[in-house]
Amino acid sequence: MNPSRRRLLIATAGLAAGALGLPVRATTRFDKAQFIDEVRAANRETSAQAAVEEVLGRAVAAPASVLNGLGEPARAGLNVLYNDAELTILNVIWAPLMVLLPHNHNMWASIGIYTGREDNILWRREGPTIRAQGAAALAEREVYSLPHDAVHSVINPIEKLTGAIHIYGGDFFAPGRSEWDAGTLEERPFNLADALRTFQEANDRFDLGLRAEAPDA
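Quick caveat: nothing in here was measured; it's all calculated off a predicted structure.

What counts as what
- Residues numbered from 1 in each chain as written.
- Predicted model: local features only at pLDDT ≥ 70, side-chain atom pairs only at ≥ 80, totals over all residues.
- Heavy atoms only, no water.
- Helix = DSSP H or I, 4+ residues; strand = E, 2+ residues; numbered from the N terminus.
- Buried < 20%, exposed > 50% of the residue type's maximum accessible area, 1.4 Å probe, protein only.
- Contact = heavy atoms within 4.5 Å.
- Areas by Shrake-Rupley, 256 points an atom, 1.4 Å probe, with all protein chains shown as cover.
- Polar contact = N/O pair within 3.5 Å; in protein donor to acceptor, adjacent residues only side chain to side chain.
- Salt bridge = Lys/Arg side-chain N within 4 Å of Asp/Glu carboxyl O.
- Phe/Tyr/Trp six-rings, centres within 6.5 Å; stacked < 30°, edge-to-face > 60°.
- Lys NZ or Arg CZ within 6 Å of the ring centre and 35° of its normal.
- Axes fitted to C-alpha atoms, helices over the stretch in contact; angles between N-to-C directions.
- Parallel < 35°, antiparallel > 145°, perpendicular 65-115°, else oblique.
- Left-handed = near helix turned anticlockwise from the far one by under 90°.
- Nonpolar A, V, L, I, M, F, W, Y, C, P; charged D, E, K, R; others polar.
- Pairing = 2+ DSSP bridges.
- Expected span 1.5 Å × (residues − 1).
- Arc of directions from axis to C-beta.

Of regular secondary structure, the chain possesses five helices and eleven strands. Here the chain, with 217 residues, has 48% of them falling under the buried criterion. Contacts in the chain between residues at least 24 apart in sequence constitute 74% of all its contacts with a sequence separation of at least 6. As displayed, the chain offers around 10,400 Å² of accessible surface, 52% of which is attributable to carbon and sulfur atoms.

Here you go:
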C-alpha cells in the first residue's frame, strides 16, 4: 500500500470509530512490554515497515492509553524503549517550539504522534548541500513513514510538549549518519552529543527540568 495512503487510513481509523461510538482501544494503561514484543515480531515480517506501522497505528489511535502507560511528557528527551542492531524504539519528547537540524537515519523510520504536533521538513541532496522538497504536519493519532534514504528536520510548532513514538529499522545510535548545518546546509557527521544539547537547551528555555532525557534513560 502507498505509505501516504496507509498513514491516512491509520490516522482516520480511530477518529471514525470514535465518531460512531465504537471503542478504538481500551483506554487502560499502555503495555510497553507487549508493544515492544509486537513491534519486534512485526519487524521480522517481509514488509517490516508496513507491519510495524500497523502496530504503531493501533497504539497511537488511543493516545490516552499511551499517556497512561508512558506518562505525561515532562521534559524534552530521547527515551529509549528498545534498541538492538535490528530495531530501535524511542519515546521522543519535543519541547515547545523546538527545532532539530536536518539529519538522516540510513534506515527506514516510522513516527506515531500520541500528543501534540510534529512538523517534518523533507530535504533532498543537491551537490554538497540539501534543498527542501516537501513537508508533513503530523497531529495526534497520525503515523508517518520515512524511507531509508530520507533526510528530514523536525519542528514542534506549538507551545506545549509533543510526545511521539519513533521506530527505526536498525540501530539509531550506530555511527555513519549525517546532519546538515542550519546556516550553510552543508553535510557533516551526526553528533549525538550536540543533538542532546539541543534538547537540553530547549528544556532550559522553558524551565522543563534539570536535564534532557539521555539515550540510556
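In this fold, Thr 162 is placed in strand β9 (residues 162-168). Of note is the side chain of Thr 162, whose polar atom sits 2.8 Å from the backbone oxygen of Arg 117. Within the local environment of Thr 162, its side chain forms a polar contact with the side chain of Asn 156, the two groups lying 3.1 Å apart. Leave out the neighbours within four places in its chain, and Thr 162 touches Val 92, Ile 93, Trp 94, Thr 115, Gly 116, Arg 117, Glu 118 and Asn 156.

Okay, the environment of Arg 44 next. Looking at where Arg 44 falls in the secondary structure, it is placed in the loop between α2 (32-43) and α3 (48-60). Taking the C-alpha atoms as reference, Arg 44 lies 9.4 Å from Glu 86; in sequence the two are 42 residues apart.

Inspection of every chain in the model, using the stated rule, returns nine salt bridges. Between Asp 194 and Arg 197 there is a salt bridge, with its nearest N and O atoms 2.3 Å apart. Here Asp 194 pairs with Arg 197, and both are found in helix α5 (residues 192-205), just three residues apart, close to one helical turn. Connected via shared salt-bridge partners are Arg 124, Glu 126 and Arg 131.

Within the structure shown, the criterion is met by four aromatic pairs. Consider the rings of Tyr 168 and Phe 172, whose centres lie 4.7 Å apart with planes at 45°: the pair is tilted. The burial state of Tyr 168 is the same as that of Phe 172; both residues are buried. A connected cluster of aromatic rings, assembled from ring pairs, spans Tyr 168, Phe 172 and Phe 173. One cation-aromatic arrangement involves Arg 177 over Phe 190; the distance from NZ or CZ to the ring centre is 4.1 Å.

Bringing the packing of α2 against α3 into the picture now. Where α2 meets α3, the closest approach of the two axes is 7 Å, and the angle between their N-to-C directions is 160°. Our classification of the angle between α2 and α3 gives roughly antiparallel. The chirality of how α2 crosses α3 is right-handed. Across the interface between the two elements, Phe 35, Glu 38, Val 39, Ala 42 and Asn 43 from α2 touch Ala 48, Ala 51, Val 52, Val 55, Leu 56, Arg 58 and Ala 59 from α3. Here the residues of the contact of α2 with α3 sort into nine nonpolar, one polar and two charged.

What follows concerns the sheet that holds strand β2 (residues 88-94). Overall, antiparallel pairing links the five strands, which are arranged β1-β2-β9-β4-β7 in an open sheet. Across the chains shown, the open sheet's two edge strands, defined by having one partner strand only, are β1 (77-83) and β7 (143-146). Each strand axis lies, on average, 20° off the axis of its neighbour in the sheet, ignoring direction. Relative to β9, β2 runs antiparallel, the two sharing seven bridges. Note that in β9 the partner of Val 92 across the bridge is Ala 164.

With that out of the way, let us pick up α5. Helix length check: α5 (14 residues) gives 20 Å between terminal C-alpha atoms against 20 Å at 1.5 Å per residue, within 8%. Along α5, the positions that sit buried rather than exposed are Ala 195, Phe 199, Gln 200, Ala 202 and Asn 203. Across the axial projection of α5, the buried residues extend over an arc of 160°, all falling on one side. Looking at the buried side of α5, the elements it contacts are β1, β2 and β3 (99-104). Asp 207 lies just past α5 and shows a positive phi near 50°.

These figures come from the coordinates and say nothing about function on their own.
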